[in-house]
Amino acid sequence: WKNKSERNGLNFIDLFSGIGGIREGFEQAARDKGLNPLCVFTSEIKESAIKVFNQNHPGEAITGDITKVDPSSIPDFDVLLAGFPCQAFSSAGRRQGFNDTRGTLFFNVASILETKKPFGFVLENVEGLINHDMEHAEKGAKIGHTLSVILRTLKSLGYQVSWKVLNACEYGVPQERKRIYI
């Protein structure tokens, strides 16, 4: 762990934080395991999300556009959390993938992972990421080209990578909401 100064400390960063939902679950899980989670960097650009985030985490600094942040300037951390933008992969969107600038934000995440080399990460996106760009997938592939590129990129950075679709209704949330977690 990079946070050696505090016993059982766990430093993390929260990218595309929204109102802090991924972070909330991560912090609860860490505390349940006897760890002391500490967010050392948060990034979000949507003003309405920042307003709610500030109500939940008063006084915490929020960095804006992650594309304008030099990865080496981010404090050291153990785990990266990122619910990178889904509009480019969602069936509710135009599904332009990496041809949409929001779709390329994954590569900013990869750059941060490459520069900072944390212990691990949790990435979240819509279920539609699984079969996005099937027309360019390898023949007989069970996942689309976009997810293949993402998984290959993460593996090339030295990470063991797995993914799974989870449905919020199976975890006590009264809503059918499927998401892929990598």
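Right above here is the structure, for reference.
Residues numbered from 1 in each chain as written. Predicted model: local features only at pLDDT ≥ 70, side-chain atom pairs only at ≥ 80, totals over all residues. Heavy atoms only, no water.

1. A word on the packing of aromatic side chains
- Enumeration according to the criterion identifies 3 aromatic pairs in this entry.
- Relative to Phe 107, the ring of Phe 106 has its centre 5.2 Å away and its plane inclined at 70°; by these criteria the two rings are edge-to-face. (Phe/Tyr/Trp six-rings, centres within 6.5 Å; stacked < 30°, edge-to-face > 60°.)

2. A closer look at the sheet that holds strand E3 (residues 79–82)
- If you walk across this open sheet you meet the 6 strands as E2-E1-E3-E4-E6-E5, and the pairing is mixed. One side of each edge strand has no neighbouring strand; the edge strands of this open sheet are strand E2 (36–43) and strand E5 (164–167). Ignoring which end each strand starts from, the neighbouring axes of this sheet average 25° apart.
- Two elements, E3 and strand E4 (residues 120–126), share 4 bridges in a ladder whose sense is parallel. By the bridge assignment, Val 79 is partnered in E4 with Gly 120. (Pairing = 2+ DSSP bridges. Helix = DSSP H or I, 4+ residues; strand = E, 2+ residues; numbered from the N terminus. Axes fitted to C-alpha atoms, helices over the stretch in contact; angles between N-to-C directions.)

3. Structural notes on the nonpolar core
- Judged by nonpolar contacts, the single largest core of 30 residues is most densely connected at Leu 15, Leu 80, Phe 121, Leu 123, Leu 154 and Ile 182.
- Elements represented by at least two residues in this core include exactly strand E1 (9–15), E3, helix H3 (105–116), E4 and helix H4 (145–156).
- If one sorts the elements of this core by residue count, H3 sits on top with 6 residues.
- Ignoring any residue separated from it by four or fewer positions in sequence, one finds Leu 123 in contact with Leu 80, Ala 82, Phe 84, Phe 106, Val 109, Leu 154, Ile 180, Tyr 181 and Ile 182.
- Listed in part, the 7 residues of the second largest apolar core include Leu 10, Ala 30, Cys 39 and Leu 81. (Core = buried A, V, L, I, M, F, W, Y, C linked by side-chain atoms within 4.5 Å. Buried < 20%, exposed > 50% of the residue type's maximum accessible area, 1.4 Å probe, protein only. Contact = heavy atoms within 4.5 Å.)

4. Remarks on the packing of H3 against H4
- The N-to-C vectors of H3 and H4 enclose an angle of 10°; their axes lie 10 Å apart at closest approach. Here H3 is positioned roughly parallel relative to H4, judged by the angle of their axes. Of H4, the residues touching H3 (which contributes Phe 106, Phe 107, Ala 110 and Leu 113) are Val 149, Ile 150, Thr 153 and Leu 154.
- Here the contact of H3 with H4 is composed, by residue class, of 7 nonpolar, 1 polar and no charged. (Parallel < 35°, antiparallel > 145°, perpendicular 65-115°, else oblique. Nonpolar A, V, L, I, M, F, W, Y, C, P; charged D, E, K, R; others polar.)

5. Section: the pattern of salt bridges
- According to the stated counting rule, one finds 5 salt bridges in the structure shown.
- In this structure, Lys 68 engages Asp 65 in a salt bridge whose closest nitrogen and oxygen atoms are separated by 3.8 Å.
- On the basis of relative accessible area, Lys 68 is assigned to the exposed category, the value being 69%.
- A residue is classified by how much of its surface remains accessible, and Asp 65, at 30% relative accessible area, is partly exposed.
- Salt bridges here are not isolated pairs; linked through shared partners, they connect Arg 23, Glu 27 and Glu 60. (Salt bridge = Lys/Arg side-chain N within 4 Å of Asp/Glu carboxyl O.)

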